[in-house]
Amino acid sequence: MGLIIIAVFYGSILFCVVASLAKLLKFAKAPLHLRWELYRGSSVYELTDWWTRPHVTSLAKMKSAALDILFLRDFYHRNRGFWYFLYLFHVGLYLLILWHLWLFICAMTIHVDAAPVWGLLWGHVATVLALIGGVGIFIKRMTDEELRAYYTPIHYVKWLFVILTLVEAFYAVQIYFDASMPAVMKYVRQQVAFEDLEMKFHPHMATAAHVLFASAWLIYLPFSHILRLFFRYYHQVRWDDVPNVRGSAVERKVEKLLSQRVGWSAPHIPHGRKWADFSSEQEQGAEE
Amino acid sequence: MKKEKIRVGDISKNRDEQLLTITGEDMMSLPSPLDKGGFQQLIRPLTEEQRNDYECSLDGVSAIAIPKPKSKEEEDRLVERFLGGLRKLLSQNDNWTFWQQLLLSLESCVRCQTCGEACSIYISSGKQEIYRPTYRAEVLRRIIRKYIKKGGKFFAKVAGDDIDLNWETIARLAELAYRCTICRRCAQWCPLGSDNGLITHELRKLFSQEMGIAPREIHELGTVQQLNVGSSTGITPRALENIISFMEEDIEEKTGKKIMIPFDREGADILLLHNAGEFISWPENIEAFAILFDAANISWTLSSELVGYDAVNYGVWYDDVQLARIAIRHAEVARELKVKRISVGECGHAHKALVVVADRVLSGDLNIPRESVLPLLEDLVCNEKIKLDPKRNDFPVTLHDPCNMVRLMGIVEPQRRIVRKLCPQFREMEPHGVDNYCCGGGSGFAIMSSMNFQDWRESISGRMKLKQILEAFQDVIDPSIHKYVCAPCSNCKGQIRDLLNSHEAWDKYGILYGGLVELIVNAMVDLEKPFIEWEWR
Ligand code: SF4
Ligand code: SF4
């Protein structure tokens, strides 16, 4: 049993890393696309000779992305009813991620007896916030006819799983570890440093369940929309994109793409023609 | 009686029944003075003959006139071709042009329905489910999951997907791809960056690029005619000569000035591209540009080369191959004339197509600087390079934001600075700027009028714009007060014309429409008579 859990847990970490990288690589290697961006306000195209002017910096884009992620701005402005629970859930989640990081670092760097009590409060508050948010969304999704129509049953299972994970985590800390931060920290330290192999191979149900839940989420992560969000900003798809300047890397990529054959087969698309062959001389030449 | 909610899977069911029938009562109500007068049935039903010949089981409207297949074999062949096209749409090689955006849009939706509230078609129709931005996207997703992905049929059951891919689904989906103006307001709204307008675009591409299905006005009479004859209006280079000399005479008559409209002037600074629709429907727009540029001493030219006198590029709405062909022609014309830049006149989709979308089909010596004409107009007006008197424009003016220029390109302020400076009674529509609503004629609708489609675009897709215009003029609705809807885009003007016309808004409420440059020239102090003629056209 313990061996299986160990295999599942470390396997899921490996899977998450490899699958995420593969996915990121797939998107990073995707061909350059035609530009189709949107604008949130005035752009460089409002200026005469815009091609001589500086374009939006990555810093500005990162700032905008950070604000979106931190506050879920679009939901706040466009769909307030949904935002309340979603935001509680996300704040809880962000706090929980930070809490785990903090826990791992502290467990490895300070003496477990020095574990601060407020750590417990932090963890519990985060869990409760995420739980209220999660339950709220689940109920909203179940009861709102508009939301229900497009949500396939499998998605509800996901939210149930979220709720179960949170409840179980709360149980583990509060009941199993008796709400003791030093106990939690000691456990983490022993696990990370492989200090207590006995516990690793014969874990208690409370910790085993937590580890299994974590594994399931790690396996899910590469398929979730979180990874895709990354491209919304950093891969220049949605907001103002990079212009094709003569002699630039973009132009080199464009030339390569234009030398590909067009694969579509409606009557107006001549078979075997390359994209670059749509210049008038070549089209006339082909017709003659 | 409350209508039963249409579900995603219904698109594949009951082939002989119309999925949706919209009545006047369903539609969003309009403000005064159109709030009274009952709910007349605004969309005329198709004739018996049309119903027998064409697919119309989506909503009883036919935008693209798909002939009904004659046999089961023909249907099966069409289903196979659709699937083949769908595979190409999802292939990085075949669809490199939009593969990334398509995948992101397909995969990132969390079904929060935030986008529904953004869509003027969905709202105007009284929230008809099939017009919801996510409806067609969800149909497509479910088809992909079930028929393209490995083990799809099994997983579709597990996931609760209830779609079947039959001819009915495809015919309805093709029509549904022409119930969205690709205004992309929903995409701006989406917190996850999923773009339902793009999904419409990709569906249209699949139908056109693989199955040869596209509206006649956009394909045959549009891009094909433009490439062969020179313009989607059918104007040949020869006919153009006559039109231009008529316009020069007209300018002289109106202003007393002898202005030559420059053509094929090699080495000019600017090649100005107009939507050729202006030559036929609104020559005053082209004349106004000529008067203004003459007064400002600008080095510019028009072209009389094939395609070079028509800025439109309908390819951007439905077909990447046609988009590339036309964009390349435009750049070739500019290269031959050795101009410094191409400037796009008052045409929204031509802006987005040539300046932005086609940016990555032009390379080397075809990669010539391309820009909107609006910043130049702003420079002339706001830096007082021309003598202008706002008192000449002392009538109520509101401004329509063409989606392609504003939300899709970020050209928000130049046109506003101009009207604020020149029009003392300027008032904004609400909402405006990047949050604007489409005129309802976007993505080709303004030029599509086959069968009963014009009824649909006037009563549904244009309804929100009509509402906004009326609201902007509520305090001056008296017909004796002349009002002006400024729309710096040919297609938007066409749609606004049809909207106002169907309610006789000029006669009854004194509302006229026109372009931006006309307002500038109307304010020019060295013209004796006002340039704007207050008569319906
Ligand atoms: S497209 Fe975006 S806004 Fe619409 S339902 Fe999906 S995630 Fe929500
Ligand atoms: S692109 Fe515009 S018309 Fe189409 S679904 Fe989105 S909001 Fe509606």
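Everything quoted here is computed from the prediction, not taken from an experiment.

Chemist: For this particular structure, what's the right way to read the overall build of chain B?
Modeler: The secondary structure content of chain B amounts to 23 helices and eight strands. For 537 residues, the compact-globule estimate of 2.2 N^0.38 gives 24 Å, and chain B sits close to it at 24 Å. If you line up chain B on its principal axes, its C-alpha atoms span 75 × 55 × 45 Å. Buried positions account for 68% of the 537 residues belonging to chain B. Sequence-distant contacts in chain B: of pairs separated by 6 or more residues, those separated by 24 or more amount to 78%. Total accessible area on chain B is roughly 18000 Å²; 48% of this is exposed by carbon and sulfur atoms. Taking the average location of the 69 positive side-chain charges in chain B and that of its 78 negative ones, the two points are 5 Å from each other.

Chemist: Explain the domain arrangement of chain A to me, please; I cannot follow it from the model alone.
Modeler: Size of an interface, as often reported, equals the accessible area lost when the parts are brought together. Domain assignment breaks chain A into domain 1 (2-38 + 67-231) and domain 2 (249-287). Placing a centre on the C-alpha atoms of domain 1 of chain A and another on those of domain 2 of chain A gives a separation of 48 Å.

Chemist: Help me out: how do you make sense of a nonpolar patch on the surface in this one?
Modeler: Residue and element names in this part refer to chain A. On the surface, Leu3, Tyr10, Ile13, Leu14, Val17, Val18, Leu21, Phe194, Leu197 and Phe201 cluster together into a nonpolar patch covering about 930 Å² of accessible area. Elements that contribute at least two residues to the nonpolar patch include exactly α1 (2-28) and α9 (197-201). The element contributing the most residues to the nonpolar patch is α1, with seven residues.

Chemist: Help me out: how do you make sense of a negative patch on the surface in this one?
Modeler: Taken together, the side chains of Glu249(B), Glu253(B), Glu533(B) and Glu535(B) present a region of like negative charge at the surface. Judged by relative accessible area, Glu249(B) falls into the exposed class, the value being 53%.

Chemist: Explain the interface of chain B and chain A to me, please; I cannot follow it from the model alone.
Modeler: Listed per partner, the contact involves 99 residues of chain B and 76 residues of chain A. Buried surface at the junction of chain B and chain A, both sides included, amounts to about 7700 Å², of which 57% is carbon and sulfur. Taken as a group, Trp96(B), Gln100(B) and Arg360(B) account for 13% of the area that chain B buries against chain A, more than any other trio of residues on that side. Seen at the junction of chain B and chain A, the total is three salt bridges. In this structure, the salt-bridge partner of Glu146(A) is Arg132(B), at a minimum N-O distance of 3.0 Å. Connecting chain B to chain A are 42 residue pairs in polar contact (both at pLDDT 80 or more). Looking at the side of chain B that touches chain A, the element that brings in the most residues is helix α15 (residues 320-337) of chain B, giving ten residues. Partitioned by chemical class, the residues of the side of chain B that touches chain A number 42 nonpolar, 24 polar and 33 charged.

Chemist: Hey, could you run me through the domain arrangement of chain B in this one?
Modeler: Residues and elements named next belong to chain B. Taken domain by domain, chain B consists of domain 1 (8-210), domain 2 (219-372) and domain 3 (385-522). Between domain 2 and domain 3, the C-alpha centre-to-centre distance is 23 Å. In this complex, domain 2 contributes 23 residues to the contact, which on the side of domain 3 involves 24 residues. The contact between domain 2 and domain 3 buries some 1900 Å² in all, and 68% of this surface belongs to carbon and sulfur atoms. Among the residues domain 2 hides against domain 3, the three largest losses belong to Trp282, Trp317 and Glu346. Together they make up 34% of the total. For Glu278, the salt bridge is made with Lys493, and the minimal N-O distance between the two is 3.0 Å. For the side of domain 2 that touches domain 3, the elements supplying multiple residues, two or more each, are α12 (277-281), α13 (283-295) and α16 (348-356). At seven residues, α13 tops the list of elements feeding residues into the side of domain 2 that touches domain 3. Looking at the side of domain 2 that touches domain 3, its residues break down into twelve nonpolar, seven polar and four charged.

Chemist: Can you help me understand the nonpolar core in this one?
Modeler: A general trend in soluble globular proteins is that nonpolar side chains are found buried together. Residue and element names in this part refer to chain B. Phe82, Tyr135, Leu292, Phe293, Leu377 and Trp456 are the most contacted members of the largest nonpolar core, which has 174 residues in total. Not counting residues up to four positions away in its chain, the partners in contact with Phe82 are Ile143, Leu165, Ile170, Leu173, Leu206, Phe207 and Met211. Counting residues in each nonpolar core, the second largest holds 24 residues, with Leu34, Leu466, Leu470 and Ala472 among its members.

Chemist: I'm lost on the packing of helix α2 (residues 72-89) of chain B against helix α9 (residues 196-211) of chain B in this one. Help?
Modeler: Any two packed helices are characterised by the angle at which their axes cross and by the distance between the axes. All names here are of chain B. Direction vectors running N to C along α2 and α9 enclose 120 degrees, while the axes themselves pass 9 Å from each other. Considered as vectors, α2 and α9 are oriented oblique to each other. Pair α2 / α9 crosses with right-handed handedness. Touching Leu78, Arg81, Phe82, Gly85, Leu86, Lys88 and Leu89 of α2 are Glu202, Leu206, Phe207, Glu210 and Met211, all from α9. For the contact of α2 with α9, a count of residues per class yields seven nonpolar, one polar and four charged.

Conventions adopted
- Residues numbered from 1 in each chain as written.
- Chains lettered and ligands numbered in written order.
- Predicted model: local features only at pLDDT ≥ 70, side-chain atom pairs only at ≥ 80, totals over all residues.
- Heavy atoms only, no water.
- Helix = DSSP H or I, 4+ residues; strand = E, 2+ residues; numbered from the N terminus.
- Rg over C-alpha atoms; globule rule 2.2 N^0.38 Å.
- Buried < 20%, exposed > 50% of the residue type's maximum accessible area, 1.4 Å probe, protein only.
- Contact = heavy atoms within 4.5 Å.
- Areas by Shrake-Rupley, 256 points an atom, 1.4 Å probe, with all protein chains shown as cover.
- Lys, Arg positive; Asp, Glu negative; His and termini not counted.
- Charge placed at Lys NZ, Arg CZ, Asp CG, Glu CD.
- Domains from an automatic or database assignment.
- Patch = residues over 30% accessible without salt bridge, like charges linked within 9 Å, V, L, I, M, F, W, Y side chains within 5 Å.
- Salt bridge = Lys/Arg side-chain N within 4 Å of Asp/Glu carboxyl O.
- Buried area = accessible area lost by both parts, 1.4 Å probe.
- Polar contact = N/O pair within 3.5 Å; in protein donor to acceptor, adjacent residues only side chain to side chain.
- Nonpolar A, V, L, I, M, F, W, Y, C, P; charged D, E, K, R; others polar.
- Core = buried A, V, L, I, M, F, W, Y, C linked by side-chain atoms within 4.5 Å.
- Axes fitted to C-alpha atoms, helices over the stretch in contact; angles between N-to-C directions.
- Parallel < 35°, antiparallel > 145°, perpendicular 65-115°, else oblique.
- Left-handed = near helix turned anticlockwise from the far one by under 90°.

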